[in-house]
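Observations on the model geometry
What follows is each chain in one-letter form.
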Amino acid sequence: MKLGVNIDHVATLRQVRRAALPDPVAAAAIAEMAGADGITVHLREDRRHIQDRDVELLLRTVTTKLNLEMSLAPEIVARACAFHPHCACLVPERREEVTTEGGLDVRGQLAAVRRVVRRLERAGVIVSLFVDPVRAQISAAAESGAPFIELHTGVFARARTEGARMRALAALQRAAAFAHECGLRVNAGHGLDYHNVHLMHQVPFVEELNIGHAIIARAVMVGLDRAVRDMAALVHGPVPMGQGAQKP
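Residues numbered from 1 in each chain as written. Predicted model: local features only at pLDDT ≥ 70, side-chain atom pairs only at ≥ 80, totals over all residues. Heavy atoms only, no water.

**A word on a positive patch on the surface**
Positive charge collects at one region of the surface, where Arg115, Arg118, Arg119 and Arg122 lie side by side. With respect to the element layout, Arg115 can be found in helix α5 (residues 110-122). (Patch = residues over 30% accessible without salt bridge, like charges linked within 9 Å, V, L, I, M, F, W, Y side chains within 5 Å. Areas by Shrake-Rupley, 256 points an atom, 1.4 Å probe, with all protein chains shown as cover. Salt bridge = Lys/Arg side-chain N within 4 Å of Asp/Glu carboxyl O. Lys, Arg positive; Asp, Glu negative; His and termini not counted. Charge placed at Lys NZ, Arg CZ, Asp CG, Glu CD. Helix = DSSP H or I, 4+ residues; strand = E, 2+ residues; numbered from the N terminus.)

**A closer look at the pairing of strand β8 (residues 206-211)**
Of all six residues making up β8, five are buried, and the element is well covered by its neighbours. By the bridge criterion, four bridges tie strand β7 (residues 185-189) to β8 in an arrangement that is parallel. Of the residues in β8, the one forming a bridge with Asn187 is Glu208. (Buried < 20%, exposed > 50% of the residue type's maximum accessible area, 1.4 Å probe, protein only. Pairing = 2+ DSSP bridges.)

**What to know about the packing of aromatic side chains**
The tally for this structure, following the rule as stated, stands at zero aromatic pairs. Its guanidinium or amino end placed over the ring of Phe178, Arg135 lies 3.8 Å from that ring's centre, counting from NZ or CZ. (Phe/Tyr/Trp six-rings, centres within 6.5 Å; stacked < 30°, edge-to-face > 60°. Lys NZ or Arg CZ within 6 Å of the ring centre and 35° of its normal.)

**Here we look at the confidence of the model for the chain**
Per-residue confidence for the chain gives a mean pLDDT of 93; residues scoring 70 or more make up 93%. Note that residues 239-248 has pLDDT below 50 and, in this model, five contacts with residues that lie over four places away or in other chains. (pLDDT = per-residue confidence, 0-100. Contact = heavy atoms within 4.5 Å.)

Laid out in structure tokens, this is it:
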């Protein structure tokens, strides 16, 4: 699996003081050098953390890929088409939420999602839909024309008992397998941390995990370079036999 590092909360710290530092653009460079396979930012309608300036500079400096999380709002869609990021992930968004609370209701707004997917793809952007691990939403995602989904791992990440965690993991496994059957490629993310991310290796077909808060929180204590390297080691996992690994 690959690791996409979400740097939104570097910008959150900056915006608390409306200051110039810490700079998420510099954070992206450190994350890439430490092993990130991509950088993710969420350009919210209220611009509570990432700003347009950040996206513009990241597009010039990111050497892996830039994944733009975004709502279906016309203004944000227009900005995304002007930016031309490598990929975009459509997510639900509410002003009063602290963070994204669940998956996009693709089934309930399929026509609108289709329009946005087509518009972004005409701009050369690869589109993913952030969805709950529910068959109805996954099948709707396939109908939308988007090539990717990103499974919402929040229920799994919030599980407080082993039984609840294993049930949520099984739901992710079933969802990923069903998405693959539907012809969709699969990413995953939300709430993953250093203690639970290893279990994501048990979910089939997942190509990339997008992780932000846990990495930035650890970076406060140990530095961003080490925080990303530690997470990258967990996400990338051991090298499979026949691909450079030494036999025991």
